[in-house]
Amino acid sequence: MSGSVGIVSAQRATFEEPLHFSCGKVLPRYELVYETYGTLNADKSNSILVCHALSGHHHVAGSYADDAKNIGWWDNMIGPGKPIDTNKFFVIGLNNLGGCHGSTGPSSIDPVTGKPYGSDFPMVTVEDWVHSQARLADLLGIQRFAAIIGGSLGGMQAMQWAVTYPDRVRNVLAIATAPHLTTENIAFNDVARNAILTDPDFHGGDFYQHGVIPTRGLRLARMLGHITYLSDDAMAGKFGRGLRSGEYKYGYDIEFEVESYLRYQGDKFAAYFDANTYLLMTKALDYFDPAQHTEHNLARAFANVQANYLVVSFSSDWRFSPDRSREIVKALLHNKRNVSYAEITSQHGHDSFLMQDEQYFAVMRNYLERVAEELP
Amino acid sequence: MNTSIIEARPDFAAIAQWIPPGSSVLDLGCGDGSLLRYLRETREVRGYGVEINDKKIATCIANGVNVIQNDLDSGLADFEDQSFDFVILSQTLQATRHTEALMKEIVRVGREGIISFPNFGYWKNRLQIFNGHMPVSKQLPYQWYDTPNVHLCTLKDFELLCEHLGIRILGRHVMNEHGDVNLLPNLFGNVAAYRFKREA
């Protein structure tokens with residue numbers, strides 16, 4: 001039977017060695033918050049790193065003693081007897097640099113100025129994250145991960161690991177992701193960013209000192225994002241043309257159910273997420289392109305990859321479509337890497353990777369059972 | 001396990017004998033990955049399967065077989081020219097829609113192709129048609145109204161298609177439930193395996 005990892009608590013690691021970012025900036029010291037589930041085996045070979053997507057964080061599974069309702073964002077996937085089985089694996093989730101859930105980010109206090117970093121926080125790339133994650137692995141004594149797993153932006157990190165540290169990852173599980181964003185995706189991100197950047201409460205990123213939050217911009221960014229993470233069918237199925245009061249009111253208040261939903265999601269998000277983090281995460285998505293140094297040849301970018309791959313896509317995901325996953329598969333085939341590819345039939349769009357689905361979970365479970373069997 | 005696979009699928013043995021150890025293999029319509037697993041265990045073959053069925057994809061992964069989920073009728077665009085020693089299509093040809101296009105793809109991607117299929121010209125099939133019915137047998141277990149088999153052929157038909165496509169046949173192995181068939185194979189064989197390549 002499968003269950004929960006139960007009560008968990010976050011840990012904090014401090015790194016005093018300066019981190020040089022792709023953009024040229026340097027953080028002299030930084031902190032990462034992380035959680036772990038399961039037990040690290042004697043030779044430290046059974047660890048799995050879970051990389052989060054745009055709005056994710058280190059609380060991946062379980063709940064907190066003082067906040068039982070705060071359940072990890074991938075709790076359906078991770079736990080004893082679940083596909084990422086904590087009876088077999090030592091699972092690590094962290095909040096990425098630039099995040100707003102405890103790791104050093106734009107809302108953290110810059111020790112040099114005594115004020116939040118705000119607009120001074122370095123623009124962060126997927127490569128930067130991978131370097132920072134490798135230092136966390138060093139700290140935990142993990143030389144090589146059994147698997148690195150991520151969906152969407154998290155999948156990009158998992159792929160980057162296999163490129164940057166080929167001897168430190170045995171398996172990559174790249175889910176609902178892409179070798180780089182499409183033009184349309186960058187365009188969506190730019191609209192979201194513009195919503196934030198043009199909010200009068202944004203103050204060029206230094207809104208903390210003004211005691212305000214660019215709530216309107218963040219809310220709009222989230223509403224737009226939310227639409228694109230779903231599919232037309234999923235939205236139609238969930239809301240249709242349903243009206244809250246059953247009739248037209250000929251006004252701009254909430255009338256259609258979908259409006260109610262989007263505004264609620266936008267408000268909820270704007271209440272806890274940091275606007276600067278949102279900007280940084282979308283730029284990291286835009287910049288990711290492992291083939292940028294190989295004349296846009298992904299196969300060559302993957303030439304040094306040693307990891308075995310599981311690539312998973314979802315049929316209704318139009319932001320990270322199955323075709324984008326096939327590009328990853330093709331580059332791996334060119335390099336004669338072990339790779340399996342599953343295209344899951346799902347109507348939930350990009351969000352499918354967070355949903356429970358029989359076929360999706362069977363594929364994940366079966367793959368990871370092999371990973372567990374093949375541990376050294 | 002290996003022997004039971006070979007008993008269940010005699011064409012696997014015929015296919016395997018053509019594949020030298022250490023070859024690279026692409027198995028189209030690989031099912032649960034049994035053939036690839038057999039080839040890996042007996043011949044250290046490095047391979048990938050292509051399969052469309054969800055359950056079989058999950059089983060391949062459980063079997064540790066590399067599998068790519070794809071519809072064969074949409075072609076082999078993910079695979080580069082001459083990138084495999086062998087491209088195998090076992091007992092699937094008859095269920096492909098764009099059969100001619102797929103044959104061309106097989107010899108594009110593989111240095112050699114290997115195909116096995118049920119022989120529609122088998123005498124028991126002919127007898128059933130003579131008696132006024134579409135054949136139903138162990139090799140063709142479907143009724144005409146629920147069959148996935150849309151492109152059935154005889155040995156002669158297949159060889160004509162190869163000639164038409166400029167494909168040279170390098171070997172043929174014809175079988176029935178009693179073993180190998182050498183006498184009147186188009187009449188007495190119920191399954192055939194062919195090995196072929198594109199004319200230079």
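Check the entry above for the structure.
Residues numbered from 1 in each chain as written. Chains lettered and ligands numbered in written order. Predicted model: local features only at pLDDT ≥ 70, side-chain atom pairs only at ≥ 80, totals over all residues. Heavy atoms only, no water.

Engineer: Any chance you could explain the overall build of chain B here in plain terms?
Structural biologist: Helix and strand counts for chain B stand at 8 helices and 8 strands. For 200 residues, the compact-globule formula gives about 16 Å, and the C-alpha radius of gyration of chain B, at 16 Å, lands near that figure. Its C-alpha atoms give chain B principal-axis dimensions of roughly 45 × 40 × 30 Å. Put simply, chain B has 200 residues, and 51% of those count as buried. Taking contacts inside chain B between residues at least 6 apart in sequence as the whole, the part at least 24 apart equals 65%. Between the mean site of the 20 positive side-chain charges and the mean site of the 24 negative ones, chain B shows a separation of 3 Å. (Helix = DSSP H or I, 4+ residues; strand = E, 2+ residues; numbered from the N terminus. Rg over C-alpha atoms; globule rule 2.2 N^0.38 Å. Buried < 20%, exposed > 50% of the residue type's maximum accessible area, 1.4 Å probe, protein only. Contact = heavy atoms within 4.5 Å. Lys, Arg positive; Asp, Glu negative; His and termini not counted. Charge placed at Lys NZ, Arg CZ, Asp CG, Glu CD.)

Engineer: What exactly am I supposed to notice about the overall build of chain A here?
Structural biologist: Of regular secondary structure, chain A possesses 10 helices and 14 strands. Taken against the 2.2 N^0.38 rule, which gives 21 Å for 376 residues, the C-alpha radius of gyration of chain A at 20 Å falls within 12% of a compact globule. The buried share among the 376 residues of chain A stands at 57%. Long-range pairs, those at least 24 residues apart, make up 71% of the contacts in chain A with a sequence separation of at least 6. Carbon together with sulfur atoms contributes 51% to the accessible area of chain A, which is approximately 15,400 Å² in total. Taking the average location of the 32 positive side-chain charges in chain A and that of its 42 negative ones, the two points are 2 Å from each other. (Areas by Shrake-Rupley, 256 points an atom, 1.4 Å probe, with all protein chains shown as cover.)

Engineer: Just to check I follow, could you spell out the nonpolar core for this structure?
Structural biologist: One broad trend across soluble globular proteins is that nonpolar side chains are buried collectively. All names here are of chain A. Residues Trp74, Tyr309 and Tyr360 are the most contacted members of the largest nonpolar core, which totals 169 residues. Those residues in contact with tryptophan 74 that sit more than four places away from it in its chain are Val50, Val60, Ile84, Ile149, Ile175, Phe353, Leu354, Tyr360 and Met364. Core analysis: the second largest hydrophobic core is formed by 6 residues, Met223, Met235, Phe239 and Leu262 among them. (Core = buried A, V, L, I, M, F, W, Y, C linked by side-chain atoms within 4.5 Å.)

Engineer: What's the story with the interface of chain B and chain A in this structure? I'm lost.
Structural biologist: Tallying the contact residues gives 23 residues for chain B and 21 residues for chain A. Summed over both sides, the interface of chain B with chain A buries roughly 1,900 Å², with 44% coming from carbon and sulfur. Summed over the three residues of chain B that lose the most area to chain A, namely Ile61, Gln69 and Asp78 of chain B, the buried surface amounts to 31% of that side. Counting across the chain B and chain A interface gives 1 salt bridge. On the surface where chain B and chain A come into contact, there are 14 residue pairs in polar contact (both at pLDDT 80 or more). Breaking the side of chain B that touches chain A down by element, the ones donating at least two residues are β2 (46-51), α4 (54-62) and β3 (66-69) of chain B. Looking at the side of chain B that touches chain A, the element that brings in the most residues is α4 of chain B, giving 7 residues. Of the residues assigned to the side of chain B that touches chain A, the class counts are 10 nonpolar, 7 polar and 6 charged. (Buried area = accessible area lost by both parts, 1.4 Å probe. Salt bridge = Lys/Arg side-chain N within 4 Å of Asp/Glu carboxyl O. Polar contact = N/O pair within 3.5 Å; in protein donor to acceptor, adjacent residues only side chain to side chain. Nonpolar A, V, L, I, M, F, W, Y, C, P; charged D, E, K, R; others polar.)

Engineer: I tried to follow the pairing of strand β14 (residues 339-344) of chain A on my own but got confused; where do I start?
Structural biologist: A regular strand places its side chains so that they alternate between the two faces of the sheet. Residue and element names in this part refer to chain A. For β14, the tally of buried residues reaches 5 of 6 residues, placing the bulk of the element in the interior. Of the pairings in the sheet, the one linking strand β13 (residues 308-314) to β14 comprises 6 bridges and is parallel in character. Along β14, the bridge assignment pairs valine 311 with tyrosine 341. (Pairing = 2+ DSSP bridges.)

Engineer: Would you mind going over the side chain of aspartate 78 of chain B with me for this structure?
Structural biologist: Residue placement: aspartate 78 of chain B occurs in the loop between β3 and β4 (84-90). Reaching out from aspartate 78 of chain B, the side chain makes a polar contact with the side chain of arginine 326 of chain A at a distance of 2.7 Å. If near-sequence neighbours (up to four positions away) are discounted, aspartate 78 of chain B is found in contact with Arg326, Lys330 and Leu333 of chain A together with Ile68 and Asn70 of chain B.

Engineer: Sorry if this is basic, but what is going on with the packing of aromatic side chains here?
Structural biologist: Two aromatic rings are characterised by how far apart their centres lie and by the angle between their planes. Residues and elements named next belong to chain A. Enumeration over the complete set of coordinates arrives at 28 aromatic pairs over all chains. Feature note: the residues Phe269, Tyr272, Phe273 and Tyr278 constitute an aromatic cluster, connected by ring pairs. Arginine 168 extends its terminal NZ or CZ atom over the ring of tyrosine 165, reaching a point 5.8 Å from the ring centre. We note arginine 222 situated over the ring of phenylalanine 269; from NZ or CZ to the ring centre the distance is 4.3 Å. (Phe/Tyr/Trp six-rings, centres within 6.5 Å; stacked < 30°, edge-to-face > 60°. Lys NZ or Arg CZ within 6 Å of the ring centre and 35° of its normal.)

Engineer: What exactly am I supposed to notice about helix α5 (residues 99-109) of chain B here?
Structural biologist: For an α-helix, 3.6 residues make a turn, and residues three or four places apart therefore share a direction. All names here are of chain B. For α5, the tally of buried residues reaches 8 of 11 residues, placing the bulk of the element in the interior. Turning to α5, its buried residues are Thr99, Leu102, Met103, Glu105, Ile106, Val107, Arg108 and Val109. As for α5, its buried residues are in contact with β1 (24-28), β4, β5 (110-118), α7 (155-164), β6 (167-176) and β8 (191-198).

Engineer: Help me understand unusual backbone geometry, please; the structure alone is not making it clear to me.
Structural biologist: Trans is the common state for peptide bonds, and a negative phi is the common state for residues other than glycine. In this structure, alanine 176 of chain A takes a positive phi of about 45° despite not being glycine. With relative accessibility at 0%, the residue alanine 176 of chain A sits in the buried group.

Engineer: Could you clarify how one ought to interpret the environment of leucine 19 of chain A in this entry?
Structural biologist: Along the chain, leucine 19 of chain A falls in strand β2 (residues 19-20). Classification of leucine 19 of chain A by relative accessible area gives buried; the value is 4%.

Engineer: So what exactly am I meant to see when it comes to empty space enclosed by the protein here?
Structural biologist: Empty space among the atoms becomes apparent when a probe as large as a water molecule is rolled across them. Residue and element names in this part refer to chain A. What the rule picks out here adds up to 1 cavity of 30 Å³ or more. Looking at the largest cavity, its volume works out to about 30 Å³. Lining the largest cavity are Leu54, Phe188, Asn189, Ala192, Leu224, Gly225, Tyr229, Tyr278 and Arg319. For the lining of the largest cavity, the elements supplying multiple residues, two or more each, are α3 (183-197) and α4 (215-229). Class assignment for the residues of the lining of the largest cavity results in 6 nonpolar, 2 polar and 1 charged. (1 Å grid on protein atoms, 1.4 Å probe; cavity = no way out; pocket = protein on both sides within 12 Å on 5 of 7 lines; lining within 4 Å. Points joined across faces, edges and corners; volume = space filled by probe spheres on them.)

Engineer: Mind showing me how you'd approach the packing of helix α1 (residues 126-139) of chain A against helix α2 (residues 153-164) of chain A here?
Structural biologist: Helix packing for two helices is described by the angle between their axes and how far apart those axes are. All names here are of chain A. For the pair α1 and α2, the least separation of the axes is 9 Å and the interaxial angle reads 70°. One finds that α1 runs roughly perpendicular with respect to α2. The chirality of how α1 crosses α2 is right-handed. Contact residues: α1 offers Val126, Glu127, Trp129, Val130, His131, Gln133 and Ala134, while α2 offers Leu153, Met156, Gln157, Gln160, Trp161 and Thr164. (Axes fitted to C-alpha atoms, helices over the stretch in contact; angles between N-to-C directions. Parallel < 35°, antiparallel > 145°, perpendicular 65-115°, else oblique. Left-handed = near helix turned anticlockwise from the far one by under 90°.)

Engineer: Just checking my understanding: could you explain the side chain of aspartate 75 of chain A for this structure?
Structural biologist: Residues and elements named next belong to chain A. Turning to its location among the elements, aspartate 75 is positioned in the loop between β5 (47-51) and β6 (78-79). At a separation of 2.7 Å, a polar atom in the side chain of aspartate 75 contacts the main-chain amide nitrogen of glycine 62. Beyond its immediate chain neighbours, meaning those up to four positions away, aspartate 75 contacts Ser4, Val60, Ala61, Gly62 and Lys82.

Engineer: How do you make sense of the pattern of salt bridges when you look at a structure like this?
Structural biologist: Two side chains that carry opposite charge are able to pair once their charged atoms sit near each other. Residue and element names in this part refer to chain A. Under the definition given, this model contains 25 salt bridges over all chains. The closest approach of N and O atoms between arginine 300 and glutamate 295, which form a salt bridge, is 2.9 Å. Since its relative accessible area comes to 63%, glutamate 295 is described here as exposed.

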